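Coordinates in review
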Amino acid sequence: MNFIISNSSEVPIYEQIKKEIKKSIQTNELKENSMLPSIRSLAKDLRISILTVKKAYDELEQEGYLKTVQGKGSFVIPRNQELVKEEQIRIIEERLGESIQIAKRMEIGKEELMDLLNYLYES
């Protein structure tokens, strides 16, 4: 797993770890039943506290992304594809909402915005 953690970011490090792992799962870089690095090895690689990595893993487990097996490690659990789709739709809605707000501020009409969306969707 290769990702970059920023110490200067306002986002807590454990949240950055969670985000990167979720992204790796959603893009299928981390496949179902894949074993994640141990908490100790990831903490060592990132040069951060073991407790920080543990907090990220614990929250990912609570959110249904990981399963930790004592003495064996943490694994990506199979996801309900309907829930995955709903989560992705929620992200799209959020980003489209932001785009609409920008368009309104810039006085870009609905028709022009729809033309742009159709163009981007088709390309």
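Remember, it's a predicted structure, so these values are computed and weren't measured experimentally. Per-chain numbering applies: the sequence of each chain, read as written, is numbered from 1 onward. Since the coordinates come from a predicted model, pLDDT governs what is reported: local features require at least 70, and pairs of side-chain atoms require 80 or more to be given and counted, while whole-chain, interface and lining totals use all residues. Derived side-chain values reflect all non-hydrogen atoms in the structure, with water molecules and hydrogen atoms excluded from consideration.

**Concerning the packing of aromatic side chains**
Put simply, the rule reads: Pairing of aromatic rings covers Phe, Tyr and Trp, the last through its six-membered ring, and needs centres within 6.5 Å; plane angles under 30 degrees mean stacked, over 60 mean edge-to-face, and all others mean tilted. Note on criteria: charge over ring means Lys NZ or Arg CZ within 6 Å of the ring centre, with the direction from the centre no more than 35 degrees off the ring normal.
Tallied over the full model, the rule gives zero aromatic pairs. For Lys55, the ring lying beneath its charged end belongs to Tyr14, and the centroid distance is 4.1 Å.

**Quick notes on a nonpolar patch on the surface**
Rules: To count toward a patch, a residue needs a relative accessible area above 30% and no salt bridge. Like charges then connect within 9 Å, nonpolar side chains (Val, Leu, Ile, Met, Phe, Trp, Tyr) within 5 Å. The accessible surface values rely on the Shrake-Rupley method and a 1.4 Å probe; as for residues, cover is taken only from the protein chains in view. Salt bridge, as applied in this entry: a Lys or Arg side-chain nitrogen positioned within 4 Å of an Asp or Glu carboxyl oxygen. The helix and strand labels rest on DSSP assignments: H or I over at least four residues marks a helix, E over at least two residues marks a strand, and numbering proceeds from the N terminus.
Together, Ile92, Leu96, Ile100, Met114 and Leu117 line one region of the surface with nonpolar side chains, adding up to about 410 Å² of accessible area. Taken together, the elements giving at least two residues each to the nonpolar patch come down to helix H4 (81-105) and helix H5 (110-122). Top element by residues in the nonpolar patch is H4. It accounts for three residues. Here Ile92 lies in helix H4.

**Here we look at the pairing of strand E1 (residues 66-69)**
As a reminder, the rule being used: Here a strand pair is declared whenever DSSP counts at least two bridges between the two strands.
Sheet topology places E1 next to strand E2 (residues 73-76); four bridges connect them, and they run antiparallel. Across the sheet, the residue bridging to Thr68 is Ser74, located in E2. Taking the residues that link successive antiparallel strands as the turn, the E1-E2 hairpin has three residues, and the phi of Gly71 there is positive, at about 85°.

**Some thoughts on the nonpolar core**
Let me state the cut-off plainly: Note on terminology: a nonpolar core comprises buried Ala, Val, Leu, Ile, Met, Phe, Trp, Tyr and Cys residues joined through side-chain atoms within 4.5 Å. Per-residue accessibility, obtained with a 1.4 Å probe over protein chains only, is compared with the maximum for each type, and a residue is labelled buried under 20%, exposed over 50%, and partly exposed between these values. Whether two residues touch is decided by their heavy atoms; if any such pair falls within 4.5 Å, the residues are in contact.
In terms of nonpolar packing, the biggest core is built from 18 residues, with Ile17, Ile21, Ile25, Leu36, Val53, Tyr57 and Leu66 touching the most fellow members. Excluding anything up to four places from it in sequence, Tyr57 contacts Ile21, Leu36, Pro37, Ser38, Ile39, Leu42, Leu66 and Ser74.

Scope: geometric values only; no functional claims are made or implied.
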